Amino acid sequence: MTDVDTVEAKTATDPRRVKKGEFRSARGLAAPAIIFLILLTQVPFLVTIGFSTMNWNLLYPQDRGFTGFDNYVTALSSGALWPSILATVLITALSVTLSLLFGLLFALLLDRKFPGQAIARTLMITPFLIMPAAAALIWKYSMFDTNIGILNWLSRITGLPVVSWSTEHPLASVVIVLTWQFTPFMMLILLAGLQGQDKAIMEAAQVDGAGTWRTFTWITLPHLRMYVEIGVLLGSVIIIQVFDPIAILTKGTGGTKTLAYLLYERAFIGLDVGEAAAYGVVTVVLTIIVATIALRTLFKVFMAGGSR
């Protein structure tokens, strides 16, 4: 065996070289997707940053120029940003909490054996499969309408006053629609957790005389902790970006002007490209902060494996 063959044999069997080769192969396979993702997300974001430094209103398309950070100063001092942040947090918190509670209730009901269980599960997830705009339109005309809405029809036959939900209770209207649409999302996550319970532990608890409530609070809820956290984190990241129910039901009135609707208002109603871009950058930064905290917490949940 020559010296060259010996060197090649050592190279072929060196674990570090093998790992480096595998890493290069994996990086090469992932490179096209990463490049496409960068072009799809970062290039528009850089263009938005560029627009945010310009004085550009579509009403005066020829009158535009560089303004530096003036649009950011306007966005932070106009008084519209912080109420929008508050509205976003409030709508997200209420919708996630109610969706979680109703999702837990339906998950507990669907975890039991009964005739038509598969059909019931399919029907229960239907609201989550409907497009957000379609869901908002369904609720606006079929449920909330003062003339043909089901809720006001029930109010009439029971002698209660007719309520114009979208104008008198705009925040509640948005939260109701979001809760209706995201309850199946929470239900699916919690139902997966319930079906992953160790049946032997449940049977042992019954043998030891533990009642239904004690079994639920001492065994089921601790087991569902990881699933609850996952549902809350993912639901918050999704709901914080909602736009359709607010645009269709309330037009941002009554404390429902979230960050997403504020950005739309500045861009497509005010036609101020520079200021809208500044609001967009601020919104992206705030969303990245929330998403980073949520993802770190989510990764801790997965790493802990539900043992915390």
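Sequence order as written defines residue numbering, which begins from 1 separately in each chain. With pLDDT at 70 or above as the cut-off, local features in this predicted model cover only qualifying residues; side-chain atom pairs require 80 or more to be listed or tallied, and sums for whole chains, interfaces and linings still use all residues. Side-chain numbers here rest on the full set of heavy atoms in the structure, without hydrogens or water.

Considering the packing of helix α10 (residues 170-195) against helix α12 (residues 212-239)
- Helix axes are fitted to C-alpha atoms over the stretch in contact, other axes to C-alpha atoms as well, and angles between N-to-C directions run from 0 to 180 degrees. Secondary structure elements follow DSSP: runs of H or I of four or more residues count as helices, runs of E of two or more count as strands, with numbering from the N terminus. In contact at an axis separation of 9 Å, α10 and α12 are set at 145° when each is read in the N-to-C sense. The handedness of the crossing between α10 and α12 comes out as right-handed. Within the contact between the two elements, α10 uses L178, F182, F185, M186, I189, L190, A192, G193 and L194 and α12 uses T220, H223, L224, Y227, V228, G231, V232, L234, G235, I238 and I239.
- Of the residues contributing to the contact of α10 with α12, the split by class is 15 nonpolar, five polar and no charged. Helix crossings get a hand from a simple test, with the near helix turned counterclockwise from the far one by less than a right angle marking a left-handed crossing and a clockwise turn marking a right-handed one. Contacts are residue-level and defined by heavy atoms, with any inter-residue pair within 4.5 Å sufficient. Under this grouping Gly is polar, as are all residues other than the nonpolar Ala, Val, Leu, Ile, Met, Phe, Trp, Tyr, Cys and Pro and the charged Asp, Glu, Lys and Arg.

A look at the packing of aromatic side chains
- When the centres of two rings from Phe, Tyr and Trp lie within 6.5 Å, Trp using its six-membered ring, the rings pair. Their planes under 30 degrees apart give stacked, over 60 give edge-to-face, and anything left gives tilted. Per the stated rule, a full pass over the model turns up eleven aromatic pairs.
- Between F69 and Y72, the ring centres sit 6.0 Å apart and the planes meet at 50°, which makes this aromatic pair tilted.
- What makes Y72 buried here is its relative accessible area of 14%.
- One aromatic cluster in this structure is built from W139, F144, W165 and W180. Residue burial is assigned from relative accessible area. The probe radius is 1.4 Å, only protein chains are included, and a residue is buried under 20% of its type maximum, exposed over 50%, and partly exposed in between.

Examining the nonpolar core
- What is meant by a nonpolar core is a set of buried Ala, Val, Leu, Ile, Met, Phe, Trp, Tyr and Cys residues, joined one to another through side-chain atoms within 4.5 Å. Within the largest apolar cluster, 27 residues are counted, with the highest numbers of intra-cluster contacts made by A107, L178, L190, Y227 and I239.
- Aside from chain neighbours lying at most four places away, what touches A107 is M187, L190, L191 and L194.
- A75, A80, L259 and A278 belong to the second largest nonpolar core, which has eleven residues in total.

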